Amino acid sequence: MSQDIFEFTPLVALALSSRTEIELSLPLRMVKAHASFLDAEGKEVPDFESIHHRDETLFGPGDLRLLSRYRLVQPSLSSTLLLDLRFGASLPTGRTEPNPFALGRQGIKHQHAFFGSGTVDPLLGVEASTGIGPLLMSAWSSARVPYATNRHGYRGGATFSLGVNAHYDFGISTWSFFAGPQLYHEGQASWENGREPAKNSGRTDLIAGVGAAWRQVESTAVELSFSKPFTLDSQGGQMEIPVFVSLGISGRFHAWGEPKGDEGHEDEHGHDDEHGHDHGQADGHGHADEHGHADEHNAEGPDHPDRDDVRDLARGGMSFDLAKATVPGKVTVIDFWAEWCHPCGHIDRALRELASTHPNLAVRRVEVVDADSPVVQQHLRGAKALPVVWIFDAEAKLVARLESTDADRVRRVLERTLERFAHPE
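Residues numbered from 1 in each chain as written. Predicted model: local features only at pLDDT ≥ 70, side-chain atom pairs only at ≥ 80, totals over all residues. Heavy atoms only, no water.

Here we come to the overall build of the protein. Scanning the protein from N- to C-terminus turns up five helices and 21 strands. Split into buried and exposed, the 425 residues of the protein put 41% on the buried side. A sequence separation of at least 24 residues applies to 64% of the contacts in the protein between residues at least 6 apart. Carbon and sulfur atoms make up 58% of the accessible area of the protein, which totals about 22,500 Å². (Helix = DSSP H or I, 4+ residues; strand = E, 2+ residues; numbered from the N terminus. Buried < 20%, exposed > 50% of the residue type's maximum accessible area, 1.4 Å probe, protein only. Contact = heavy atoms within 4.5 Å. Areas by Shrake-Rupley, 256 points an atom, 1.4 Å probe, with all protein chains shown as cover.)

Within the largest apolar cluster, 24 residues are counted, with the highest numbers of intra-cluster contacts made by Phe 320, Ile 334, Phe 336, Val 366, Leu 380, Leu 386 and Trp 390. Looking at this core, the elements that each hand over two or more residues are strand 17 (310-314), strand 18 (331-337), helix 4 (374-379) and strand 20 (388-392). Residues Val 331, Leu 354, Leu 361 and Val 363 belong to the second largest nonpolar core, which totals 20 residues. (Core = buried A, V, L, I, M, F, W, Y, C linked by side-chain atoms within 4.5 Å.)

Taken together, the three strands give an open sheet; going across it, the order is 1-4-5, and neighbouring strands pair in antiparallel fashion. At either margin of the open sheet sits one strand with a lone partner, and together these are strand 1 (2-8) and strand 5 (56-61). Across the sheet, the mean angle from the axis of one strand to that of its neighbour is 10°, orientation sign disregarded. Strand direction decides the pairing type here: strand 1 and strand 4 (residues 28-34), joined by seven bridges, are antiparallel. The partner of Phe 6 across the bridge, within strand 4, is Met 30. (Pairing = 2+ DSSP bridges. Axes fitted to C-alpha atoms, helices over the stretch in contact; angles between N-to-C directions.)

Turning to the confidence of the model for the protein, a few remarks are in order. When pLDDT is averaged across the protein, the result is 83; 85% of the residues are at 70 or more. Note on residues 259-305: pLDDT is under 50 here. Beyond four places in sequence and across chains, it has 105 contacts. (pLDDT = per-residue confidence, 0-100.)

Working note: regular strand, side chains alternate between the two faces of the sheet. One ladder, built from nine bridges, connects strand 7 (residues 82-91) with strand 8 (residues 121-132); its direction is antiparallel. What sits directly across from Phe 87, in strand 8, is Leu 124. Sheet analysis places strand 8 next to strand 9 (residues 135-144), joined by ten bridges and oriented antiparallel. Directly across from Leu 124, in strand 9, lies its bridge partner Ala 143.

Within a sheet, neighbouring strands are paired by backbone hydrogen bonds and run either parallel or antiparallel to one another. The five strands are arranged 17-19-18-20-21 in an open sheet whose pairing can be described as mixed. Edge positions in the open sheet fall to strand 17 and strand 21 (398-403), since each of these has one partner strand only. Here the average twist between neighbouring strands, direction ignored, is 20°. Packed onto the sheet, helix 3 (residues 342-357) meets strand 17, strand 18, strand 19 (361-367) and strand 20 and runs at close to 155° relative to strand 19. Sheet contacts for helix 5 (residues 407-422): strand 18, strand 19, strand 20 and strand 21; angle to strand 21, the most-contacted strand, approximately 175°.

Here we take up unusual backbone geometry. Looking along the chain, the bond that leaves Leu 386 and enters Pro 387 is cis, with omega of 0°. One can find Pro 387 in the loop between helix 4 and strand 20. Phi is positive for Glu 192, which is not a glycine, with a value near 55°. One can find Glu 192 in the loop between strand 12 (190-191) and strand 13 (196-197). A positive phi angle, close to 50°, is found at Ser 404, a residue other than glycine. Its location among the elements puts Ser 404 in the loop between strand 21 and helix 5. Its relative accessible area of 29% is what places Ser 404 among the partly exposed residues.

Spanning 16 residues, helix 5 covers 22 Å between terminal C-alpha atoms, matching the ideal 22 Å at 1.5 Å per step. Turning to helix 5, its buried residues number three or more, namely Ala 407, Asp 408, Arg 409, Val 410, Val 413, Leu 414, Thr 417 and Leu 418. Measuring from the backbone nitrogen of Asp 408 back to the side-chain oxygen at the start of helix 5 gives 3.2 Å, which picks out Asp 406 as the cap. (Expected span 1.5 Å × (residues − 1). Polar contact = N/O pair within 3.5 Å; in protein donor to acceptor, adjacent residues only side chain to side chain.)

Overall, the coordinates contain eight aromatic pairs when judged by the stated rule. An angle of 75° between the planes, with centres 4.6 Å apart, marks the rings of Tyr 168 and Phe 170 as edge-to-face. Residues Phe 320 and Phe 336 carry aromatic rings whose centres are separated by 6.1 Å and whose planes lie at 40° to one another, so their mutual orientation is tilted. In this pair, Phe 320 is assigned in the loop between strand 17 and strand 18 and Phe 336 in strand 18, connecting sequence segments 16 residues apart. Ring pairs connect the aromatic residues Tyr 168, Phe 170, Trp 175 and Phe 177, which therefore count as one cluster. (Phe/Tyr/Trp six-rings, centres within 6.5 Å; stacked < 30°, edge-to-face > 60°.)

Looking at the element boundaries, Ala 143 is found in strand 9. Each C-alpha atom, one on Ala 143 and one on Thr 159, is 5.6 Å from the other, the two residues being 16 residues apart in sequence. If we ignore the near neighbours within four places in the chain, the residues touching Ala 143 are Pro 122, Leu 123, Leu 124, Thr 159 and Phe 160.

Turning to the environment of Trp 140, a few remarks are in order. Counting through the fold element by element, Trp 140 comes out in strand 9. Taking the C-alpha atoms as reference, Trp 140 lies 4.3 Å from Glu 127; in sequence the two are 13 residues apart. Discounting chain neighbours no more than four positions away, the residues touching Trp 140 are Val 126, Glu 127, Ser 161, Leu 162, Gly 163, Val 164, Asn 165 and Gln 182.

On to the side chain of Thr 80, then. Among the secondary structure elements, Thr 80 is positioned in the loop between strand 6 (64-73) and strand 7. For Thr 80, a relative accessible area of 14% gives the class buried.

Here you go:
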């Protein structure tokens, strides 16, 4: 007896705020079963089936999942730690079956493949991630806890999973590679309102997984992963699973236009609120870094021959003089970054790519060490988390301030600014 199991799970998430999100998913499953029967001489018997096993293909939806996410810990100017709590329930939309063991004892044809539990089951989870040097480490734990029996007297076993992954991009801006272990435990289910254990349920597996994700833009990703389970414990008859292959495609879009607030402050023309910033005018407290980078960069004019105009403006958390930071006649980007900020690396690569093809673009990098850094105290008091990117036009006017942003968002806003520079109204 062998089975091929395929699952396609559309998922829709709606962000209610920077901390709260609602997620709805519905798995669609197909099970292709093949049963082989041998005679006394070991030869396959053609066109034979039993009440237990047969060649067939089953298709249908699984249980609908409704989850809410609350971000308990947000990344900040001194940490990339992210901690999400998830809670919700699965709804009984998947197909269930009567007790197959009781039907088998009566000699009645039956089915062991279920697509749902037939009950409303609570779902709990926690997810965390943080940057450790060049690695992005993520961990998660989830649980499904059935507490009732369905109309056939079936009660599913509680499931629990715990996993850790290490992510590394090897310096490739559009790819990320990950690997890590996962522990999966499924409790034994029961029939007849708990009086009869389900003989093919209950197992504990250690799962080794590797994969890669391709992300051409930050809002769209394609992920492929391979997982191999190693059974540590099982109860009753269990299927041996050779390998899981998972292919995922995700996309993010703004149903009601571009986000405001933490994602960036722009008016309908892409200009920043004039009351929110001094538009490049010094406040009298700015300092160049110890190597005098601010003065050095300000000396460049619009005809500077450097086609890849990316420079350090300040390092080690030192502050800088904003009046000397912008480059006359060029669109200037001030990129606030930190070693521990994983998305900052993607933004840096995107900015370098744009600078290499746009001679009218200057990128000035500012390193943030922690929330007590002088540059944070002077320029980022209202900011909540990195990455932070400021974009100035050729006249040193601030047109966008992007906070907690990503490379795709930065690229879109910057390309609009460069287009206006090349084709002024």
